[in-house]
Amino acid sequence: QVVNRRQPVCQQLLCAKQVSTPTRLPIDGATWILEEVDGQPLIDGNYATLTIDGSYFGGFDGCNSFGGRHESGQPVVKRSGQISVPPFAMTAAGCPTPEILDHADRYLEAMMQQATARVVDDRLHIVDPSGKVALVFVKQRPLAGRPVELAGTSWRLLDEDATYGDGVTTLVFLHPWAAVGTTACRDYQIGYTASNGSMRVPSTGMAGSTEPCSGDAERRETRFVEDLGWANEYSLQQVDESEQMVVRTSRGKTLTFEPINARSGALFDQSWQLIRFLEARSDGSSMRRLTDRDPEAGADITATFSGTEVEGALGCHSYALRRARDGGTSMIGPDGEMDMEAASLSTENSCDNGAVITRQQQQYLDLLASAEQYHVFEDRLVVVAVSGDALMFQSTTAKTETTTHGDFFSQLSPEERECLGPDITSGRDIFAMLTTNLTTGTEALRCLSAENQFLLYMGNAAGPEELNEDTHRCIWNSMAQLLGLDDLQAHPPTESDLMGQMMTMMVAMPLYCAATHQPALEPDELGFEEDEAGYIVCAIDAAGGREAWIRMLMENGTGFHVFLQAEGTCGEPTPRP
């Protein structure tokens with residue numbers, strides 16, 4: 001006769017006898033998933049856990065999380081297996097169904113009645129005083145992968161079945177204790193702790209209006225933040241050739257994220273509107289959290305960024321933070337770092353009513369002046385100050401790329417694209433690197449042919465004044481290489497001549513590239529005004545051809561044009577870039 005191990009006779013006799021001698025498998029430190037209650041499997045949709053670690057006792061009963069420890073330090077489970085449950089705190093969430101509530105009540109009741117713990121294979125049995133197995137847990141396998149430092153990382157939720165909404169959901173860890181993100185509807189922020197793969201989220205909050213959201217979208221975003229709030233452990237896993245962060249919750253949910261590889265030029269590509277102050281606050285314990293505060297009505301705070309300055313509006317005022325001449329490296333780096341220490345602040349009052357800068361606007365300037373990092377994700381920018389406070393912006397500019405010959409990036413060769421790597425998706429990305437970090441920018445520039453280097457340089461909006469001296473020389477050498485002018489490549493221009501020569505080349509090179517890259521285009525076809533186009537044609541003829549003209553420009557800078565004007569050869573005006 002086959003005896004079902006879940007029949008009462010097994011529960012009362014065989015199983016009790018089997019668990020009478022504990023094995024050497026540890027109980028402490030593991031997470032145990034509830035499998036049976038009084039010999040019956042858990043009903044569908046129920047999920048409960050138990051964690052015992054020395055004096056700590058905690059878990060999830062199917063409805064609420066609980067946890068506490070013996071202040072004396074005595075273990076929850078003694079060597080004999082006897083369980084001593086310490087005082088514990090518990091959340092007050094409702095249960096999904098009455099049946100799950102019944103299981104939750106029975107779970108905690110069984111743990112509290114002088115029970116004994118025994119490990120059998122990979123199962124943990126909780127035995128009541130009569131010898132009956134009241135609860136059976138199975139040991140949860142730890143997450144594959146490895147824990148990582150989360151502060152400073154940015155992630156995008158992988159949600160193919162749109163469980164949490166149709167839009168993009170992000171998670172950005174600003175600090176070792178706080179993170180923010182976006183959902184399909186609103187923004188949110190969380191307080192968290194993470195160490196050695198363990199994660200806890202004791203506080204969550206939503207920000208923004210639900211007015212543009214449907215009821216379904218609001219419910220789905222709320223579900224995501226609630227599920228994230230039950231986070232229990234996390235790890236970084238390698239999937240094919242990419243990395244993913246996996247978060248497992250106390251309720252048995254698994255959230256999977258992919259990294260956000262923010263383009264280095266994303267900060268500079270756009271104009272930004274301040275939508276929220278994120279203020280670091282302490283709740284009286286060692287735990288810090290971010291609280292959000294909206295800008296005052298009419299504050300109208302905006303910002304645009306470059307490698308050497310930040311400027312924008314404070315209502316009817318304007319402001320600028322500029323790097324001092326001896327300020328050293330760029331204020332804003334390509335990898336999320338900011339250094340405003342050497343910047344000087346200037347403001348201008350354009351208010352008709354003589355209004356002064358408000359207290360909140362001044363707070364904004366103070367935080368911006370002490371910024372140390374930034375994060376760009378979706379249409380959001382968060383600037384984090386040394387104090388831990390942060391400023392959240394929303395983009396007001398659609399991303400565009402302007403080039404002389406259409407879409408620059410689409411005409412790169414497969415080899416050039418592979419060399420640039422997956423994080424560079426536009427000419428703007430390379431140009432932003434050149435204005436902030438010469439080493440990485442030059443490495444990217446060297447991926448391109450000499451001709452494409454100049455299509456990039458001439459086609460983007462940033463002018464020569466935004467580039468540092470070493471970058472000018474890099475471009476100069478590439479021009480000499482393109483034209484085969486080895487003598488000029490060996491003798492780069494002096495520092496005093498750089499500006500005039502580069503501004504002149506802004507006119508010369510589109511013509512040269514147009515003539516060599518595709519069927520020749522005349523100056524007027526490249527967007528020059530009629531008088532400018534006529535001047536360029538005349539100057540080319542006077543020099544003896546396009547290549548001779550470019551050589552004269554490189555050797556003489558604007559001097560060649562001044563000579564032509566003095567002679568009255570080509571008239572006015574000097575072409576402007």
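Keep in mind it's a predicted model, so treat the numbers as computed, not measured.

Draft legend 1. Broad picture of unusual backbone geometry. With a phi angle near 55°, N196 is a residue other than glycine that sits in the positive phi range. Take N196: it is sitting in the loop between β13 (187–195) and β14 (198–207). Given the relative accessible area of 74%, N196 is considered exposed. Phi is positive for E378, which is not a glycine, with a value near 50°. Tracing the sequence through the fold places E378 in the loop between β24 (371–377) and β25 (380–385).

Draft legend 2. Focus on helix α3 (residues 215–229). Along its 15 residues, α3 runs 21 Å from first to last C-alpha, staying within 8% of the 21 Å computed at 1.5 Å per residue. Residues A217, E221, F224, V225, D227 and L228 constitute the buried set of α3. One face of α3 carries all of its buried residues, which in axial projection span an arc of 160°.

Draft legend 3. Expanded view of the pairing of strand β9 (residues 133–139). When you tally the buried positions in β9, you get 6 out of 7 residues, the bulk of the element. As judged from the 5 bridges shared by strand β8 (residues 123–127) and β9, these two strands associate in the antiparallel manner. Directly across from H125, in β9, lies its bridge partner V136. Taking the residues between adjacent antiparallel strands as the criterion, β8 and β9 are bridged by 5 residues, where G131 takes a positive phi near 95°.

Draft legend 4. Structural view of helix α4 (residues 359–369). Buried within α4 we find Q360, Q361, Y364, L365, L367 and L368. Seen from one end, α4 has its buried residues packed into an arc of 165°, which puts them on one side.

Draft legend 5. Quick peek at the nonpolar core. One finds L267, F305, V310, I332 and Y364 to be the most contacted residues of the largest nonpolar core, which totals 31 residues. Where this core is concerned, the elements lending two or more residues are β18 (271–282), β20 (302–305), β21 (309–314), β22 (317–323), α4, β24, β25 and β26 (390–395). With 4 residues, the single largest contributor to this core is α4. Not counting chain neighbours up to four residues away, the residues in contact with Y364 comprise L274, F277, I301, T302, A303, L314, Y319, L391 and F393. V77, A110, A115 and L124 belong to the second-largest nonpolar core, a separate cluster that totals 27 residues.

Analysis parameters
Residues numbered from 1 in each chain as written. Predicted model: local features only at pLDDT ≥ 70, side-chain atom pairs only at ≥ 80, totals over all residues. Heavy atoms only, no water. Helix = DSSP H or I, 4+ residues; strand = E, 2+ residues; numbered from the N terminus. Buried < 20%, exposed > 50% of the residue type's maximum accessible area, 1.4 Å probe, protein only. Expected span 1.5 Å × (residues − 1). Arc of directions from axis to C-beta. Pairing = 2+ DSSP bridges. Core = buried A, V, L, I, M, F, W, Y, C linked by side-chain atoms within 4.5 Å. Contact = heavy atoms within 4.5 Å.

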